[in-house]
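Fold and contact review
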Amino acid sequence: MSAISSAWKRLPWWVEPMTVVLVLSAFGLYSFVAIALFPGEFRQFVSPFYSPEVPLPNWMPGFVTAPMLVLWIPLGFRATCYYYRKAYYRAFFFDPPACKTGVQQKMDRFWAGKNAAEGYRGERALFVWNNIHRYFLYASIIVVLFLWYEAFRTLLGPQGFQVSVGSLLWFLNIVLLSAYTFSCHSFRHLIGGNKDCYSCLRGGNARRKTYNFVSRLNLQHPQWAWLSLFSLLATDLYLRLLQTGVITDFVIIPFGG
Amino acid sequence: MDRDAANDKSMSSKAHAPVANEDLGKSGGTAKLKIFRGDAEGGREVDYEIPLVEGMVILDAVLGIQAEQAPDLAVRWNCKAAHCGSCSAEINGKPALLCKSRVDEYDGEIHVGPMRAFPVIKDLVSDVSWNYEVSKGIKPFQSDEQAPFTMYEEDVERLYEPKKCIECFMCQDVCHVLRTHHKHAEFAGPRFFVRNQWLEMHPMDNQERLHDLKEDNGLGYCNITKCCTEVCPVGIKITDNSIIPLKERVADEYYDPAKWLMRKIRGR
Ligand code: SF4
Ligand code: SF4
Ligand code: FES
Ligand code: FES
C-alpha cells in the first residue's frame, strides 16, 4: 500500500486532478444514461440507483424517471461532501491543482487575466451553499436504510432463501456506502464534535466513544468515498448484465425451495 | 512513516553541528543544489555542488555551502531537530523543514528557495512577522474558573494534536488562499485555525469565537483542499481535525436553518 502511494506521489502533479475528472465524469455519464433509459430491477435485485422506489406523479414531464426523484439525495450528499469538494476544487477548478509553488502560480496566470487571483471567494460566495451538507446527510441516512433493506431482499430468491454472488455484491455495496455515510464529517460533528466537554454530559462517555469510533472511520473517508462509488457502479453493472442475460447469478448457498 | 524513521536516524547524528564531510565518511557522489540568491527586489537560482554524505539533510548541505563556498548565504535555523520551526523553506516548490529533509530523498537537482507567501528578506529567509500580527488578533484563552483546572482526559484528548504545532508556518506558505490569492488581510490561515480549534474546543475556555472565525479570520476562504495538511511537519491533520470541525461549528451558528429557528423559538 505504501509502495503504491509513494509511486503515486512521484507521478507528475497533473495525473491526480485528471484522474479525478475522468472518473467522476465517467461515473456521472454512466449513471445518468442508466437511470434515464433503463429499468432498475431484475428478479429480487434492485439497482442501488433505484432505491427507495417512489411513485412517479402523473404531472411529471416525460423525461423524468422515478429514480431521479431520489437520486438528488446521494448526488447532493457527494457534491457537498468535504472530501469531494476538495477533489473537485482541485481537479475541475484547478484551485489549487496541486500544492507546488510553480503550479499554483502558473495556474493563477493562465486562469483568467490579471486580477482573477484577487477575485477568489473560496466558500464565501456560491460555494457557501456547501454548508447545507448536513441536510443531505440526514436524507442519505434514510436512503442507506432502504439500501440495507434491498440487500436483505436479495437473499430471497425465486426458490426461497439463498446466497448468491449478487447478494454478496449488494451487501458489499451497502457496507461500503454505510462506511462512507457514517464517516462523514458532519456526522462526526453531530455525534460529538460539537461538544467541548463529555464529562459534563449525561451519557457523555458513550458519546465520546462513538465520536472516537467515527473519527477513526473518518480518517479513511476519502477511501470510503471512492470505494463506495465503485461498488455502486459494479452493483448497477452487475444488474445490467443479469438483465441482458450476459451472465446468470451464481447461487453459492441454496436453501429452501 | 518511512520519512520519520529516516529522520530519526539523521537526528541521532549530531544534533547541532552541520554534518561536514570530515566527521562522517564521504559516500561518494555529490549533491547538486540550486539555491535562490536574492532579496525582496528579486534574484536568481545559483548552482552549488557539495560532496554527498550519508544521512545528510538539506540544511547540512546549505550550511556546508555557506561554510565553504558562499559565506554570505542567508539561512535561518536553530535546533536542527525539527523542533523550532525556524528552517522552513521551499524544496522543489514545496515547503519543507531544511533540517528534516534528507538529500537522498530527492532525485536529480534540488531547488531550494525561501517561503514565497511572505516577503523575502534575503536568500532563504523570509519575513514571517505577518503571522505574529494575526496571532495578536485572536482572543486569548479566558476562563470563568481559576487555574489550575480539574479536567478529565476524555475532554482534552482532542487538544493534544493542535498543541504539537511548532509554528513553522509552512502550512501558511502552501495555502493557495495566501500564496496565490494574497488574502493576507482577510484570512488568518491554517496555522491559526489550528490555534482556534484548540481554544474553541477547550472545555474551560468561555469565549465566543465563531463570529471572529467567520468574519475576521475568513474561514470561508478555505476550500479544504488540504495542501496545509500535506506539508505539516508534525503531522497535524489540519483540514480534517481543525478546519472542518470549525466549519461545522460555524455552520451550526450561521448556516443551519433548523438551528436558527430553534434559537429564535428559545429566544436566544
Ligand atoms: S485546506 Fe484550507 S487552509 Fe489548508 S491549504 Fe487548503 S485552503 Fe488553505
Ligand atoms: S500547523 Fe503544522 S505546518 Fe502549520 S505552523 Fe504548525 S507545525 Fe507548521
Ligand atoms: S464529509 Fe464526505 S460525506 Fe460528509
Ligand atoms: S532548525 Fe529547528 S526546525 Fe529545522
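Chain B goes by Succinate dehydrogenase iron-sulfur protein in an unreviewed UniProt entry, where it is assigned to uncultured Rubrobacteraceae bacterium. Looking at the Pathway (unreviewed entry) heading of the UniProt record, one finds this comment for chain B: "Carbohydrate metabolism; tricarboxylic acid cycle."

Thoughts on the overall build of chain B
Each helix and strand counted, chain B has 12 helices and 7 strands in total. Burial status across chain B gives 54% buried among its 268 residues. As displayed, chain B has an accessible area near 12,100 Å², and 52% of this comes from carbon and sulfur atoms.

Observations regarding the pairing of strand 4 (residues 94-97) of chain B
Residues and elements named next belong to chain B. Across 4 bridges, strand 3 (residues 88-91) lies against strand 4 in antiparallel orientation. Directly across from Ala89, in strand 4, lies its bridge partner Ala96. Between the end of strand 3 and the start of strand 4, which pair antiparallel, lie 2 residues, with Asn92 showing a positive phi angle near 45 degrees.

Remarks on the interface of chain B and chain A
Each side of the interface is counted separately: chain B has 51 residues, and chain A has 42 residues. Carbon and sulfur atoms make up 45% of the surface buried where chain B meets chain A, a total of about 4,100 Å² over both sides. Looking at the side of chain B facing chain A, the largest losses of area belong to Arg158, Tyr221 and Glu248 of chain B, adding up to 14% of the total buried there. Across the contact surface, chain B and chain A share 7 salt bridges. Those elements giving two or more residues to the side of chain B that touches chain A turn out to be helix 4 (153-156), helix 7 (176-179), helix 8 (190-201), helix 9 (210-215), helix 10 (227-231), helix 11 (238-254) and helix 12 (257-266) of chain B. For the side of chain B that touches chain A, the leading source of residues is helix 11 of chain B, giving 9 residues.

Focus: the packing of aromatic side chains
Taken as a whole, this structure holds 30 aromatic pairs over all chains when the rule is applied. The interplanar angle of 90 degrees and the centroid separation of 6.4 Å between the aromatic rings of Phe187 of chain B and Tyr221 of chain B together place this pair among those described as edge-to-face. Separated by 34 residues along the polypeptide, Phe187 of chain B in the loop between helix 7 and helix 8 and Tyr221 of chain B in the loop between helix 9 and helix 10 bring together distant segments of the chain. Each member of the pair, Phe187 of chain B together with Tyr221 of chain B, is buried. Here the aromatic residues Phe77, Tyr83, Tyr84, Tyr180, Trp226 and Phe230 of chain A are joined through ring pairs into a cluster of three or more. Over the face of the ring belonging to Tyr221 of chain B we find Arg124 of chain A, whose NZ or CZ atom lies 4.7 Å from the ring centre.

Quick look at the nonpolar core
All names here are of chain B. With 76 residues, the main nonpolar core has Leu33, Ile35, Ile58 and Leu98 as its most contacted residues. Of the residues that make up this core, three or more belong to each of domain 1 (2-126) and domain 2 (129-266). Those residues within four positions of Leu98 in sequence are excluded, and the remaining contacts are Val57, Ile58, Leu59, Val75, Cys87, Ala89, Ile91, Val112 and Leu124.

Some details on unusual backbone geometry
Here the residue pair Ser51 of chain A and Pro52 of chain A is connected by a cis peptide bond, since its omega of -5 degrees sits within 30 degrees of zero. In the segment running from Ala147 of chain B into Pro148 of chain B, the intervening peptide bond is cis, with an omega of 0 degrees. Here Pro148 of chain B shows up in the loop between helix 3 (129-136) and helix 4. Within the chain, Asn92 of chain B stands out as a residue other than glycine whose phi angle is a positive 45 degrees. Within the secondary structure, Asn92 of chain B is located in the loop between strand 3 and strand 4. The class of Asn92 of chain B is partly exposed, set by a relative accessible area of 24%. The backbone of His182 of chain B shows a phi angle near 50 degrees, a positive value even though the residue is not glycine. Among the secondary structure elements, His182 of chain B is positioned in the loop between helix 7 and helix 8.

Quick notes on the site of ligand 2
Residue and element names in this part refer to chain B. Near ligand 2 you find Cys165, Ile166, Glu167, Cys168, Phe169, Cys171, Arg191, Cys232, Pro233, Val234, Ile236 and Ile238, and these make up its full shell. According to the grid-proximity analysis, the pocket containing ligand 2 is the second largest cavity. Counted by class, the shell around ligand 2 contains 10 nonpolar, no polar and 2 charged residues.

Things to note about the layout of surface pockets
Residue and element names in this part refer to chain A. Its volume calculated, the second largest pocket comes out at about 750 Å³. Taken together, 31 residues line the second largest pocket, and the ones lying closest to its centre are Phe27, Leu71, Pro74, Leu75 and Arg78. Among the secondary structure elements, those contributing two or more residues to the lining of the second largest pocket are helix 2 (15-37), helix 3 (68-79), helix 4 (82-91), helix 6 (133-153), helix 7 (165-182) and helix 10 (221-243). When residues in the lining of the second largest pocket are grouped by element, the largest group, 9 residues, is from helix 3.

Some points on empty space enclosed by the protein
Residue and element names in this part refer to chain B. Summed over all chains, the structure comprises 7 cavities of 30 Å³ or more. Lining the largest cavity are 17 residues, with Cys175, Thr225, Lys226, Cys227 and Cys228 sitting closest to its centre. Looking at the lining of the largest cavity residue by residue, the class counts come to 12 nonpolar, 4 polar and 1 charged. Roughly 90 Å³ of internal volume is contained in the second largest cavity. In this structure, the second largest cavity is lined by 15 residues; those nearest its centre are Cys165, Cys168, Cys171, Cys232 and Pro233. Mapped onto the lining of the second largest cavity, the elements with two or more residues apiece are helix 6 (170-174) and helix 8.

Looking at helix 12 of chain B
Owing to its 3.6 residues per turn, the α-helix aligns residues three or four sequence positions apart on the same side. Its side-chain oxygen 3.1 Å from the backbone nitrogen of Ala258 of chain B, Asp256 of chain B forms the N-cap of helix 12 of chain B. Phi turns positive one or two residues past the end of helix 12 of chain B, at Gly267 of chain B, with a value near 70 degrees.

So, the site of ligand 1
Residues and elements named next belong to chain B. In the neighbourhood of ligand 1, 13 residues make up the surrounding shell, with Cys175, Cys222, Thr225, Lys226 and Cys228 lying closest. More than half of the atoms belonging to ligand 1 lie within 2 Å of the grid points that define the largest cavity. Only helix 7, helix 10 and helix 11 provide two or more residues apiece to the shell around ligand 1. In terms of residue class, the shell around ligand 1 is made up of 8 nonpolar, 4 polar and 1 charged.

As for the packing of helix 8 (residues 185-193) of chain A against helix 11 of chain B
The interhelical angle for the contact between helix 8 of chain A and helix 11 of chain B, taken along N-to-C directions, is 75 degrees, at an axis separation of 10 Å. With respect to each other, helix 8 of chain A and helix 11 of chain B are oriented roughly perpendicular. Counted together, His185, Ser186, Arg188, His189 and Gly193 of chain A of helix 8 of chain A and Asp240, Asn241, Ile244, Pro245, Glu248, Arg249 and Asp252 of chain B of helix 11 of chain B form the full contact between these two elements. Per-class residue counts for the contact of helix 8 of chain A with helix 11 of chain B are 2 nonpolar, 5 polar and 5 charged.

Conventions used here
- Residues numbered from 1 in each chain as written.
- Chains lettered and ligands numbered in written order.
- Predicted model: local features only at pLDDT ≥ 70, side-chain atom pairs only at ≥ 80, totals over all residues.
- Heavy atoms only, no water.
- UniProt positions renumbered as here; feature names shortened; annotations may be inferred.
- Helix = DSSP H or I, 4+ residues; strand = E, 2+ residues; numbered from the N terminus.
- Buried < 20%, exposed > 50% of the residue type's maximum accessible area, 1.4 Å probe, protein only.
- Areas by Shrake-Rupley, 256 points an atom, 1.4 Å probe, with all protein chains shown as cover.
- Pairing = 2+ DSSP bridges.
- Contact = heavy atoms within 4.5 Å.
- Buried area = accessible area lost by both parts, 1.4 Å probe.
- Salt bridge = Lys/Arg side-chain N within 4 Å of Asp/Glu carboxyl O.
- Phe/Tyr/Trp six-rings, centres within 6.5 Å; stacked < 30°, edge-to-face > 60°.
- Lys NZ or Arg CZ within 6 Å of the ring centre and 35° of its normal.
- Core = buried A, V, L, I, M, F, W, Y, C linked by side-chain atoms within 4.5 Å.
- Domains from an automatic or database assignment.
- Near = heavy atom within 4 Å.
- 1 Å grid on protein atoms, 1.4 Å probe; cavity = no way out; pocket = protein on both sides within 12 Å on 5 of 7 lines; lining within 4 Å.
- Sits in = over half its atoms within 2 Å of the grid points.
- Nonpolar A, V, L, I, M, F, W, Y, C, P; charged D, E, K, R; others polar.
- Points joined across faces, edges and corners; volume = space filled by probe spheres on them.
- Polar contact = N/O pair within 3.5 Å; in protein donor to acceptor, adjacent residues only side chain to side chain.
- Axes fitted to C-alpha atoms, helices over the stretch in contact; angles between N-to-C directions.
- Parallel < 35°, antiparallel > 145°, perpendicular 65-115°, else oblique.

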